[in-house]
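Chain by chain, the residues run as shown.
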Amino acid sequence: MKFSPALVEGGTVLLLFFSYFKDLVGREVTVELKNDLAIRGTLHSVDQYLNIKLENTRVVDQDKYPHMSIIMKIDYVHACGVCIDLSVRNCFIRGSVVRYVQLPPEGVDVELLHDATRREARGG
């Protein structure tokens, strides 16, 4: 399942996804950035702005981004809003640079999401 933060600019819906992501802490997710870089890792934390901290990170397409698996230039880090500490493989991703978050299939309770979405649509 893919989730795009760009689709949920409303405060109430944003909080719905924030609480959902909090339940996924400790699970492996893939975060695709707006510059097409995809990073996979264990979700460590997420805040109300959907800023994401990952642990045990790795680049999904290492053939396309070979430099990302060796060293990360400081200028690139600040330009794309991603900060990776390669010595411990931790990653902080600013929510505004996220295109999609791919969630683990077993971590998605579709019925729970449908019910919550229906309640929000009804205003309650």
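Residues numbered from 1 in each chain as written. Predicted model: local features only at pLDDT ≥ 70, side-chain atom pairs only at ≥ 80, totals over all residues. Heavy atoms only, no water.

Defined as follows: UniProt positions are given in the numbering used here, feature names are shortened, and annotations may be inferred rather than shown by experiment.
An unreviewed UniProt entry lists the protein chain under the name Sm-like protein LSM2, with Sesamum angolense as the source organism. Listed under Function (unreviewed entry) in UniProt, the entry text for the protein chain is "Component of LSM protein complexes, which are involved in RNA processing." For the record of the protein chain, the UniProt heading Sequence similarities (unreviewed entry) holds the text "Belongs to the snRNP Sm proteins family."

**Some remarks on the nonpolar core**
Inclusion rule: Side-chain atoms within 4.5 Å link the members of a nonpolar core, which is a set of buried Ala, Val, Leu, Ile, Met, Phe, Trp, Tyr and Cys residues. Burial classification: accessible surface area is computed with a 1.4 Å probe over protein chains only, and a residue below 20% of its type maximum counts as buried, one above 50% as exposed, and the rest as partly exposed. Elements are defined by DSSP. Helices are runs of H or I of four residues or more, strands are runs of E of two residues or more, and each kind is numbered from the N terminus. In what follows, residue pairs with any heavy atoms lying within 4.5 Å of each other are defined as contacts.
Core analysis: the largest hydrophobic core is formed by 24 residues, its most contacted members being Phe 21, Val 31, Ile 52, Leu 54, Ile 93, Val 101 and Leu 103. Ranked by residue count, the leading element in this core is helix α1 (residues 11-23), at four residues. Those residues in contact with Leu 54, other than ones at most four positions away along the chain, are Val 29, Val 31, Ile 39, Gly 41, Thr 42, Leu 43, His 44, Arg 89, Asn 90, Cys 91 and Ile 93.

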